[in-house]
Every structure is written in structure tokens, then in C-alpha cells.
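Examination of the molecular architecture
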Amino acid sequence: MSVFSHSAYDKHEQVAFYQDAKSGLKAIIAVHNTNLGPSLGGCRMWPYVDDGEALNDVLRLSRGMTYKSAMAGLRLGGGKSVIIGDPRQDKTPELLRAMGEFINTLNGRYITAEDSGTSVADMRVIGETTEYVSGLFAGSEYGGDPSPSTAYGVFVGLKAAAQHRWGKTDLSGLKVSIQGMGNVGFRLGKLLKEAGAELFVTDIFQDNIDRSVNELGAIAVTAEEIFDLDVDLFAPCAMGAILDDDTIARLKVGAVAGAANNQLAEERHAEVLREKGVLYAPDYVINAGGIIDVYYQQQGDYDATEVRAHIEEIGNTMQEVFERADNTGKTTAHVADLIAEERFGHHSVPNAENRSGTVAA
């Protein structure tokens, strides 16, 4: 199949493939849109079933980054990279340095950062062979790691969802199921626990589950059970495409609000959720905290208070999306797409001077 005829291809500007036999690197970089600035997006390392799955993931993720940066009021385009391999077994310094050399071939059109399966430490190794790497600014609140900011942004957006769905500003007693207790999921769980929520968790790695049970008092469930729980809110914080006909039919929640990218298996599943009465927080809106953090790191004028204030604007943006969806009868995903496309399609970001991430009426 040609990339151009791929179902996830969305007028991407560039898709590059790279293989380095010496290090074993097999990777793909996708640049979706650079109207607002250079494409910035994380480098994901994952044991994909096959090359086709990796291509599908990088095409969808890079598109999401374009929309995410536009909705967050950032002068950035959308891009993403994926390394095919098990991050717990196949990752080596040589492989990461080769990834840096691959990134160099795009001459600054793509800037990388950490993502699922990679870390700040990995970015430092990649940075040995390329200057186009972010999330390493030691002066940032978390030493360059954007995942705490992602988690905080999801927490802010989740609160907005709870307020809109139930008129509830206090999360005490809220039952939340979290799929994926990695860097972001665990931090989100900690924030929810501190707010008085009751947690139900699952993860593909047993050590992540054990940590959540021991440190957060969470209740562990299996990967399949997570969709069948009678809870208030479902927070997907792992891989994408997990909301499909089968899983949506099984959900017994009032809202879905989580950190995972591309949660909908297909665009039509936003309407399936709406008809079921489930409030959906569009993923690229709610999980923008990390890219906001990295953006400020890139600017060289990092101020933790300013960054936190910008991330908290995610709550206002979510409320605008929810309200416009209610007023128009459209899905929240459709509304968010329209607003983002207005922004990056016209080569400008509303309120960019004050870096506002709020949505115009």
C-alpha cells in the first residue's frame, strides 16, 4: 500500500523511513503540518506487531500534534517519530544516536522529545547526534521531563469534564478507572488520589500496577475488566484506538477524559459516545500540558508559574468545546477539530501574543 492511499494519511507534508543495520534501528518520522512552525512531537519506542501498525501510529500521532499545538496556542506544527522495538530490551545508546542522525536528515523540520518508551535520559543520548531535540532544559520545573505537565493538564481537563457532566467541582468520591499507569498515568492517579477520588487501574506491566496499588491505594483490575467497571469516569492513559464499537458498548461511565493519544478507533466513535450519553474530552486538547511545557523550554524563557498558568487554560478550552458541542449538537471531537483547523489552516494562532490556549466564541 502507498503511504498516500493509507487510511491515516492526512495531507502529511513528509513521511521518512530509516534503517540502520549496525544499531538495529528501524524508525519512521511523520511531519503533518508546519504552517504555524516547525513540527514538534515525541519519539515513541514500541514493540509494534508489524511495520504497518507503526506507520498507522506515526501518521495518526503526527496529525494529532498539529491539532494539539494549535489548540494550545503554540507556534508549532505537528510531527512524531516511532522506533520499532521493545524499549525494555532493544534500546541501546547506539540505536538512540542513530535516531539522532535520522532526525538530522529533516534539517529542523522535525524536533523530537520524550514519549512512550523513551525518557529524558534517552533524549540526552539522541542529543549527542542532533540539535533538534527538546525536553532537556535543566531549568524547567521537572528537569526537562514533560510528563508531569501532561498529567497536570489532564487533571485540569478532567476536572472541567466533571464539572460539565455532573456540576461537580469537588472530585472527592469520584470513581475513576485508569488504563495505563506509566509516567503520566501514575502522576494523574496521584493527583486524583489527593483530590479524594477512588482509583481502579490496569497496565501491561505488573510493576506499574504494584506501584499504583501500594502507593495510591488503587484497586487493580485486568486489561479487559477496565472497560466493564461501573465507575464515573474512564481515563485512557496508554495506547490509542481503544474506544471502538465493542469497548464503548461495554462502558458504564459518564465521561471519558485521559492522556492517551488517538483514543477513538475511528472518527465516528465520537458520535457513538455522544449517543450513549458519554462526555468525551478530545485527547489532543486535554493532553497538551506536555507540549506546552516543551514549548517554553524551546523558547529559553522558562518560568514555572507562567507554564502552569498556560496549562491551566486547558480547563477553559475544554469548557468552550463542551459548550459549543452542546449548542450545536455536534460531537466534542468535531468541534475541537473545527477550531484547530481554523487556527493552523490560516497560518495564525488566536491570542498568540499572550499564548492563550482558550477557544474563541
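What counts, and at which threshold
Residues numbered from 1 in each chain as written. Predicted model: local features only at pLDDT ≥ 70, side-chain atom pairs only at ≥ 80, totals over all residues. Heavy atoms only, no water. Helix = DSSP H or I, 4+ residues; strand = E, 2+ residues; numbered from the N terminus. Rg over C-alpha atoms; globule rule 2.2 N^0.38 Å. Buried < 20%, exposed > 50% of the residue type's maximum accessible area, 1.4 Å probe, protein only. Contact = heavy atoms within 4.5 Å. Areas by Shrake-Rupley, 256 points an atom, 1.4 Å probe, with all protein chains shown as cover. Core = buried A, V, L, I, M, F, W, Y, C linked by side-chain atoms within 4.5 Å. Pairing = 2+ DSSP bridges. Polar contact = N/O pair within 3.5 Å; in protein donor to acceptor, adjacent residues only side chain to side chain. Axes fitted to C-alpha atoms, helices over the stretch in contact; angles between N-to-C directions. Parallel < 35°, antiparallel > 145°, perpendicular 65-115°, else oblique. Left-handed = near helix turned anticlockwise from the far one by under 90°. Nonpolar A, V, L, I, M, F, W, Y, C, P; charged D, E, K, R; others polar. pLDDT = per-residue confidence, 0-100. Expected span 1.5 Å × (residues − 1). Salt bridge = Lys/Arg side-chain N within 4 Å of Asp/Glu carboxyl O.

**Observations concerning the overall build of the chain**
Looking only at helices and strands, the chain has twelve helices and twelve strands in total. In terms of overall dimensions, the chain is globule-like: its C-alpha atoms have a radius of gyration of 19 Å, near the 21 Å expected for 361 residues. Along the longest, intermediate and shortest principal axes, the C-alpha atoms of the chain span 55 × 45 × 45 Å. Per-residue burial over the chain gives 56% buried out of 361 residues. Of the contacts made within the chain by residues no fewer than 6 positions apart, 68% connect residues no fewer than 24 positions apart. Looking at the chain as shown, the accessible area adds up to about 14,600 Å², and 46% of this sits on carbon and sulfur atoms.

**What about the nonpolar core?**
Counting residues in hydrophobic clusters, the biggest one holds 63 residues, and the most contacted among them are Val-176, Ile-178, Leu-192, Leu-199 and Ile-292. Not counting chain neighbours up to four residues away, the residues in contact with Ile-178 comprise Gly-185, Gly-189, Leu-192, Leu-199, Phe-200, Val-201, Thr-202, Ile-226, Ala-235 and Cys-237. In this structure, Met-45, Leu-95, Phe-102 and Met-123 belong to the second largest nonpolar core, which totals 20 residues.

**Considering the sheet that holds strand 11 (residues 255-256)**
The strand order across the open sheet built from six strands is 9-8-7-10-11-12, with neighbouring strands paired in parallel fashion. Unpaired on one side and paired on the other, strand 9 (219-220) and strand 12 (279-280) mark the two borders of the sheet. Relative to strand 10 (residues 233-236), strand 7 (residues 175-179) runs parallel, the two sharing four bridges. For Ser-177, the partnering residue across the bridge sits in strand 10 and is Phe-234.

**A word on the side chain of Ser-212**
On the secondary structure map, Ser-212 appears in helix 6 (residues 206-216). Overall, Ser-212 belongs to the buried group, its relative accessible area being 0%. Among the polar contacts made by the side chain of Ser-212, one reaches the main-chain carbonyl oxygen of Asn-208 at a distance of 2.9 Å. Look past the residues within four positions of Ser-212 in its chain and what remains in contact with it is Met-181, Phe-186, Val-201, Gly-217 and Ala-218.

**Re unusual backbone geometry**
Within the chain, Lys-11 stands out as a residue other than glycine whose phi angle is a positive 55°. Inspection of the secondary structure puts Lys-11 in the segment before strand 1 (14-20). Among the residues examined, Lys-11 registers a relative accessible area of 73% and is labelled exposed. For Asn-107, which is not glycine, the phi dihedral falls at a positive 55°. When you line up the elements, Asn-107 lands in the loop between helix 2 (93-104) and strand 6 (110-111). For Asn-107, a relative accessible area of 63% corresponds to the exposed category.

**Description of the packing of helix 10 (residues 289-299) against helix 11 (residues 304-328)**
Two elements in contact, helix 10 and helix 11, have axes whose closest approach is 10 Å; the angle formed by their N-to-C orientations is 150°. If you check the angle between helix 10 and helix 11, you find them roughly antiparallel. Relative to helix 11, helix 10 is oriented so that their crossing is right-handed. Together, Gly-289, Ile-292, Asp-293 and Tyr-296 of helix 10 and Glu-306, Val-307, His-310, Ile-311 and Ile-314 of helix 11 make up the contact between the two elements. Residue classes in the contact of helix 10 with helix 11 are distributed as five nonpolar, two polar and two charged.

**A word on the confidence of the model for the chain**
In the predicted model, the chain carries a mean pLDDT of 92, and the fraction of residues at 70 or more is 94%. Per-residue pLDDT stays below 50 along residues 347-361; that stretch engages in 46 contacts with residues further than four places along the chain or on separate chains.

**Here we look at helix 1 (residues 51-71)**
In this model, helix 1 (21 residues) spans 30 Å end to end at C-alpha, consistent with the 30 Å of a helix rising 1.5 Å per residue. Within helix 1, 16 of the 21 residues are buried, leaving the element largely enclosed by the surrounding structure. Where helix 1 begins, the side chain of Asp-50 points an oxygen toward the backbone nitrogen of Gly-52, at a separation of 3.1 Å. Of the residues flanking the end of helix 1, it is Gly-73, one or two places downstream, whose phi is positive at about 75°.

**Section: the pattern of salt bridges**
Under the counting rule described, the total for this entry stands at 18 salt bridges. Of the charged contacts, one joins Arg-211 and Glu-215 as a salt bridge, the two residues approaching to 3.7 Å between their closest N and O atoms. Separated by four residues within a single helix, Arg-211 and Glu-215 lie in helix 6, roughly one turn from each other. Since its relative accessible area comes to 55%, Glu-215 is described here as exposed. Linking Asp-228 and Arg-250 is a salt bridge whose minimum nitrogen-to-oxygen distance equals 2.9 Å. Within this pair, whereas Asp-228 is found in the loop between strand 9 and strand 10, its partner Arg-250 is found in helix 7 (residues 245-250), the two being separated by 22 residues in sequence. A single network of salt bridges, built from pairs that share partners, joins Arg-44, Asp-57, Lys-80 and Asp-115.

**A few points about the pairing of strand 2 (residues 25-33)**
The element strand 2 is extensively covered by neighbouring structure, given that eight of its nine residues are classed as buried. One ladder, built from seven bridges, connects strand 1 with strand 2; its direction is antiparallel. Directly across from Val-15, in strand 2, lies its bridge partner Ala-30. Between the antiparallel neighbours strand 1 and strand 2 lie four residues, among them Gly-24 with a positive phi of about 90°. Relative to strand 5 (residues 77-84), strand 2 is paired through six bridges, and the arrangement is antiparallel. Residue pairing for strand 5: Ala-30 is matched across the bridge by Lys-80.

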